[in-house]
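Geometric and topological summary
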Amino acid sequence: MDRHIISILMENEAGALSRVAGLFSARGYNIESLTVAPTEDASLSRMTVVTVGSEEIIEQIIKQLNKLIDVVKLIDLTQAGHIERELALVKLRAEGSVDRDELKRLSDIFRGHIVDVTSTSYVVELTGTGDKIDAFIEALGDRQIIEVVRSGASGIGRGERSLEL
Amino acid sequence: MELSGAEIIIQFLKDEGVDHVFGYPGGAVLHIYDALYGQEDVQHILVRHEQAATHAADGYARSTGKPGVVLVTSGPGATNAITGIATAFLDSIPMVVITGQVSTPVIGSDAFQEVDAVGITRPCVKHNFLVKDITDLADTLKKAFHIASTGRPGPVVVDIPKDVTDPNIKIPYIYPKTVEMRSYNPVTKGHLIQMKRAVDLIMSAKRPMIYSGGGVVLGNAKDELREFTRFLNYPITQTLMGLGAYPENDKLSVGMLGMHGTYEANMAMHECDVLIAIGARFDDRVTGKLADFCPTAKIVHIDIDPASISKNVKVDIPIVGDVKLVLQELNNLLQESKSRPGEAAIAKWWDQIDQWRGKQCLEYDRKSDLIKPQFVIETLSKLTRGQDTFVTSDVGQHQMWAAQYYRFDEPRRWINSGGLGTMGFGLPAAMGVQLAHPDATVACVTGEGSIQMCIQELSTCKQYGLPIKIINLNNRYLGMVRQWQEFTYEQRYSMSYMEALPDFQKLTEAYGHVGMLIEKPGDVEGALKEALALKDRLVFMDFITDRTENVYPMIEAGKAQHEMRMPTDRELA
């Protein structure tokens, strides 16, 4: 049961997202996260789906996705070198100078930026792999967290490896 | 020429060569129905329920190979069509369904007869479209026909809001002859290296088995399949959906396989060392218990749909491509190959198969005082053999008996809902078949449960003079349910019988057709002859059959292919 990041180029049509989401729910596949946005070519959307499954399941997912008429092309990023990034915005309770200093230090260690400050709170912006964001949240402990917003993973192949027409 | 959206639809259908549309009017499609009025190229068949429109279009498609076309209104028109769309989807039948939609400005406002047709049909179509702009209409319809009828075929829904068909808004129309889609290019030719590997494996087989499915029918590959099978002299079994691609009366045919397949077919599947699956999808009704499926076989699988390969059963040599083209190439490679099947091993295998055949698994009590359903089908087969005959069926025991005892010799002659198992399919499907083949005999084998799910279509048959021969195997039970309850629920017959059945003879007569009641085995042949001779009348034959008859052999749920329940087991149990 490995984690896979599948990157999909789709026709930028109404309903394309629900075709993918519907496929996953109808066939009982897992979705860990799903992100979608148009590309530099306005007629195409790029979707990134993070899913977990056995080799056979992943093979079926890829075949079933390819079968969707709106899917132009896809790759399983996790099969070779790739970069994975996720954006998180974390709102923290930050009261008292000891706490505020400690949170600033922790944010720096994880290469986060504090993008909003009030007398009682910070908002930390953090990018990285899902694991890195998990680690940051773990390091905070739930005492200080007010809310967490995660974008879900995006990814791209390294070097010559690309998903294009 | 300048046309309105409604006129574009009708003109497009003419240009696409569509001769029949099955449908039912309503508010959202009134402009389209107005454009239909007074032209004769596209004949519209008015059904009595939208489900029947889709089944009729489906029967038309299965019997001709051309896409069936449906036209229904928004809301309930679309939802009533769903069962038929799903039926076509599960059996990969080419179909284009035009659904009316409320006008674009009110979409999403819970308008009268509004339903999200694209959303609601999405899981049971090959693709669907919502046309929001008249300038996209012709191209979208072209795409719909292209997608429906190429690759692995399937139903496509085109949802068209009422304002897009406004008679006052006209644009120039040119028939789009071709279609370009960067995201849809089905593979057609098989991979040469895979095919060479397949040939080596096929030639080396000692206990080979050909397992042919509905894909061979859909792909019009009967000649190639027959050449392939005869060249090798290997046994062939066919799925419920594939019957007739290879003649069932031929000596190489071991009959249908699966849950109600023959003893010899299922045993040969279980014992084979090389399995050649052609246009078949390893459905659970075929495989039985997956863990014990063909335990000693290396498997070659030819299919146009990559997603069918290794979905249920892991295969050794997959060949993705159009079955017709792949079989042509395989036939060439087989003939060019220096090796030939091992004669001694194959002869030994045939001896084994003949032993299994000796079980005569389809024998039944021919001396009974009651009408045996099998006898009705056998007699129908005898009387129509070699003639231009189509057999449709509903779903249940009668469907299995028709599949087992008719013995189809040609493809597209056996028309039934295999994947979805839709009761109510048989009669409307027969209408579509009869309209496409006005001079043929079209028999609908049904039961008193199924026929009542679309019996209103007797009215449509009257309107269009469709002389369908309905063979109602009336056992006063939902027979297949009753059979399962007998075997696995200790004869607790929960809701599997109906009281207050109508007098079918009178009912049929009320619709303006001929009704017959047949209660004795000795009257079966005479009744069928009489009915078949009534060339221009619909005849409803109500056969009162032995109500406790079961379908044998049977692989019960969770059992493997070789663990069949045989007719004799019943007495032993």
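Cut-off values and rules
- Starting afresh in each chain, residues are numbered from 1 along the sequence in its written order.
- For naming, the first written chain is A and the first written ligand is 1, with later ones following in the order written.
- For this predicted model, a pLDDT threshold of at least 70 governs which residues receive local features, and a threshold of 80 or more governs which side-chain atom pairs are given and counted, while totals over whole chains, interfaces and linings are taken from all residues.
- Helical segments are the DSSP runs of H or I of at least four residues, strand segments are the runs of E of at least two, and each set is numbered from the N terminus.
- By definition, residues are in contact whenever their C-beta atoms, placed on the basis of the backbone, come within 7 Å of each other.
- Note on pairing: DSSP must find at least two bridges between two strands before they are called paired.
- For helices, the fitted axis covers only the stretch in contact; all axes are lines through C-alpha atoms, and the angles between them, taken along N-to-C directions, range from 0 to 180 degrees.
- Counting other C-beta atoms within 10 Å of a residue's C-beta gives its exposure: the residue is buried at 20 or more, exposed at 12 or fewer, and partly exposed in between, where C-beta atoms are placed from the backbone.
- pLDDT gives the predictor's per-residue confidence on a scale running from 0 to 100.
- Oblique is the label for any angle not under 35 degrees, not over 145, and not in the 65 to 115 range, which are roughly parallel, roughly antiparallel and roughly perpendicular in turn.
- When the near helix sits turned anticlockwise from the far one by under a right angle, the crossing is termed left-handed; a clockwise turn instead gives a right-handed crossing.
- Polarity classes work like this: nonpolar for Ala, Val, Leu, Ile, Met, Phe, Trp, Tyr, Cys and Pro, charged for Asp, Glu, Lys and Arg, and polar for all others, with Gly in that last group.

We now examine the overall build of chain A. When helices and strands are tallied, chain A shows four helices and nine strands. Going from the N terminus to the C terminus, chain A shows its helices and strands as β-α-β-β-α-β-β-α-β-β-α-β-β. For the C-alpha atoms alone, the extent of chain A along its principal axes is close to 55 × 35 × 30 Å. When contacts within chain A are restricted to residue pairs at least 6 apart in sequence, long-range pairs at least 24 apart make up 73% of them.

Residues and elements named next belong to chain B. One open sheet accounts for six strands, arranged S11-S10-S9-S12-S13-S14; its pairing is parallel. With one partner strand each, in any of the chains shown, strand S11 (253-256) and strand S14 (317-320) form the two edges of the open sheet. Taken over all neighbouring pairs, the strand axes of this sheet differ in orientation by 15° on average, direction set aside. Packed onto the sheet, helix H7 (residues 192-204) meets strand S9 (208-212), strand S12 (274-278), strand S13 (298-303) and S14 and runs at close to 135° relative to S14. Strands S9, strand S10 (236-238) and S11 of the sheet are contacted by helix H10 (residues 263-271), whose axis makes an angle of about 105° with S11.

The next subject is the environment of Pro25(B). Residue and element names in this part refer to chain B. If you trace the backbone, Pro25 turns up in the loop between strand S2 (20-23) and helix H2 (30-36). Sequence separation of Pro25 and Glu50 is 25 residues, and the distance between their C-alpha atoms is 9.6 Å. Apart from the residues within four sequence positions on either side, Pro25 is in contact with Leu30, Tyr33 and Thr73.

All names here are of chain B. A cis amide bond links Tyr552 to the next residue, Pro553, at an omega of -10°. Structurally, Pro553 can be placed in the loop between strand S20 (539-544) and helix H21 (567-572). A positive phi angle, close to 60°, is found at Arg407, a residue other than glycine. Position of Arg407 relative to the elements: it lies in the loop between helix H15 (397-405) and strand S16 (414-415). On the basis of neighbour counts, which here come to 21 C-beta atoms within 10 Å, the residue Arg407 falls in the buried class.

Our next topic: the confidence of the model for chain B. For chain B, per-residue confidence averages 96 on the pLDDT scale, and 99% of positions sit at 70 or higher. In the model output, the complex is listed with pTM 0.96 alongside ipTM 0.92.

Below, the discussion takes up the packing of helix H3 (residues 50-64) of chain B against helix H4 (residues 76-90) of chain B. Residue and element names in this part refer to chain B. Contact pair H3 / H4: the axes reach a minimum separation of 7 Å and the direction vectors enclose 30°. In terms of axis orientation, H3 runs roughly parallel to H4. Relative to H4, the crossing made by H3 is right-handed. Residue-level contacts link Glu50, Gln51, Ala53, Thr54, His55 and Asp58 of H3 to Gly77, Asn80, Ala81, Thr83, Gly84, Ile85, Thr87 and Ala88 of H4. Of the residues contributing to the contact of H3 with H4, the split by class is four nonpolar, eight polar and two charged.

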